[in-house]
Amino acid sequence: MAKTVAIYSLGGTIAMTTDPATGGVVPALSAHDLLAAVPGLESQGVDLRVHDFRRVPGASLTFNDLTDLSAEIAKTLSGRDVDGVVITQGTDTIEETAFILDIHHGHEQPVVVTGAMRNPTMPGADGPANLYAAVAAAADPQLRGTGCLVVLGDEIHAARHVRKSHTTSPAAFTSPSVGPLGTFAEDRVRLRAGLPTRRPALPLPDQDARVGLYTVTLGDGGDLLELWEGRCEGLVVAAFGVGHVPATTVETLNRMARNIPVVLSSRIGNGPVLRGTYSFPGSEKDLIGRGLIPAGDLSPYQARLLLGSLIGGGADRDTIADEFASRAY
């Protein structure tokens, strides 16, 4: 029986072509244009339902775009006649799109996000191969129940772990802590790791939440951190190492944590925030004792997305802390 895959195009490098006025590339290709450039796609025997959802660079996607997309995906999959979904978009924000779609995805069918590191005007453009593999993955029954995935460079990554780790390489996407779930070769998915554990889907937020992201740096006096006070509904701190900040920022964080949820993450992007190893002023133990919420091994970007979704859905601080604890490794 033929499989059915819904494709939503958001724009990005995979959909770019040269603008004759500027000589640069801009997102101009439709989803149908993208599919027409993929050799052998019809041989997969997959019925494709194509949607031009947005046509913007990945850097210009918004929370509202992704909330609308999540709602559209849920509506599409609730009919039970679609076996999977493919999203094409710019790689700048693929890891963030994949994560936010994943935390709101409550169906068994996989959602696969893909894109391209080389636009269609360049030698060795990788968009067609990535789209071919993404369609195959979305239609593969082995991947049911895996949530949202990222497929590029013939590798299959879980949204929970994937990172963009190079600015230009076609092999830019990696999963530093666990490696890819599998690969795509000889027209089939080859799993080589256990499927990711999924948390229950979060409801879509019914309002925007302004969540700040503050990265600490050497010699940080805390002056810029103070600018966030009273200007956000939540804050994520990208701390040194396992969750440390300069002592000069502690009192500001202490004040802020009394009024809004403040999440403690690591700017490293690989490995967990600790909870009770160090105890000097500005250490993880000190900050958690002051009310900061540890992010586990979520990256600062993931922590910001999760915090924004929770605040936008009306969650209180205790609920937010419980949700972060349940997703931490």
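The rules behind these values
- Throughout this document, residue positions are counted from 1 along each chain, in the order its sequence is written.
- The predicted origin of the model limits local features to residues at a pLDDT of at least 70 and limits the giving and counting of side-chain atom pairs to 80 or more, whereas totals for whole chains, interfaces and linings rest on all residues.
- In computing side-chain properties, one takes all heavy atoms of the structure into account and sets aside hydrogens as well as water.
- Salt bridges, as used here, are contacts in which a Lys or Arg side-chain nitrogen is within 4 Å of a carboxyl oxygen on Asp or Glu.
- Here a strand is any run of E in DSSP of at least two residues, a helix any run of H or I of at least four, and the numbering for each starts at the N terminus.
- Buried, partly exposed and exposed residues are distinguished by accessible area as a fraction of the type maximum, computed with a 1.4 Å probe on protein chains only: under 20%, between the cut-offs, and over 50%, respectively.
- The pairing criterion for strands is at least two bridges between them, as found by DSSP.
- Here, the term right-handed applies to a crossover whose path from the first strand over the helix to the second runs clockwise when the strands point away from the viewer.
- Note on contacts: a residue pair qualifies if any of its non-hydrogen atoms lie within 4.5 Å across the two residues.
- In the analysis that follows, any N or O atom pair within 3.5 Å is treated as a polar contact, provided that within protein one partner can donate a hydrogen and the other can accept it, and provided that, for residues neighboring in sequence, both atoms belong to side chains.
- To obtain each axis, a line is fitted to C-alpha atoms, and for helices this fit is confined to the stretch in contact; angles are then taken between N-to-C directions over 0 to 180 degrees.

Trainee: Let's hear about the pattern of salt bridges: which residues, and what values?
Mentor: Taken as a whole, this structure holds 11 salt bridges when the rule is applied. A salt bridge links Asp92 to Lys164, with the nearest nitrogen and oxygen atoms 3.7 Å apart. Pair noted here: Asp92 is in the loop between β5 (84-88) and α3 (94-103) and Lys164 is in strand β9 (residues 163-164), with a separation of 72 residues, a long-range link. By relative accessible area, which is 52% here, Asp92 ends up exposed.

Trainee: Describe in detail the pairing of strand β14 (residues 234-239), supporting the description with residues and values.
Mentor: The element β14 is extensively covered by neighbouring structure, given that 6 of its 6 residues are classed as buried. Here β14 shows two buried faces, one formed by Gly234, Val236 and Ala238 and the other by Leu235, Val237 and Ala239. Pairing analysis gives 5 bridges linking strand β13 (residues 211-215) to β14, with the strands arranged parallel. Within β14, the residue paired with Gly212 across the bridge is Leu235. As judged from the 5 bridges shared by β14 and strand β15 (residues 262-266), these two strands associate in the parallel manner. If you follow Ala238 over to β15, its bridge partner there is Ser265. Handedness of the crossover joining β14 and β15 through helix α6 (residues 250-259) is recorded here as right-handed.

Trainee: Please give an account of the sheet that holds strand β16 (residues 293-294) that cites residues and values.
Mentor: Taken in spatial order, the 4 strands of this open sheet run β13-β14-β15-β16, and their pairing is parallel. Each of the sheet's edge strands pairs with one partner strand only, and the pair in question is β13 and β16.

Trainee: Before we move on, could you go through the environment of Asp65 and cite the residues and values that matter?
Mentor: The residue Asp65 is located in helix α2 (residues 63-78) in this model. Non-local contacts of Asp65, meaning those with residues more than four positions away in its chain, are made with Phe53, Arg54 and Ser60. Reaching out from Asp65, the side chain makes a polar contact with the side chain of Arg54 at a distance of 2.7 Å. Polar side-chain contacts of Asp65 include one of 3.0 Å to the backbone nitrogen of Thr62.

Trainee: Give me the lowdown on the sheet that holds strand β7 (residues 148-152), citing residues and values where you can.
Mentor: Whether parallel or antiparallel, the strands of a sheet pair through hydrogen bonds between backbone atoms. Here 8 strands make up an open sheet; going across it, the order is β4-β1-β5-β6-β7-β8-β11-β12 and the pairing mixed. At either end of the open sheet lies a strand with only one pairing partner, and these are β4 (46-56) and β12 (188-191). Adjacent strand axes in the sheet meet at a mean angle of 25° when their direction is disregarded. Where β5 meets strand β6 (residues 111-114), 4 bridges bridge the pair, whose relative direction is parallel. Counterpart to Ile87 in the pairing with β6 is Val113. α3 rests against β5, β6 and β7 of the sheet, and its axis sits at about 155° to β7. The strands touched by helix α4 (residues 127-139) within the sheet are β1 (3-11), β4, β5, β6, β7, β11 (182-185) and β12, with β5 carrying the most contacts at an inclination of about 155°.

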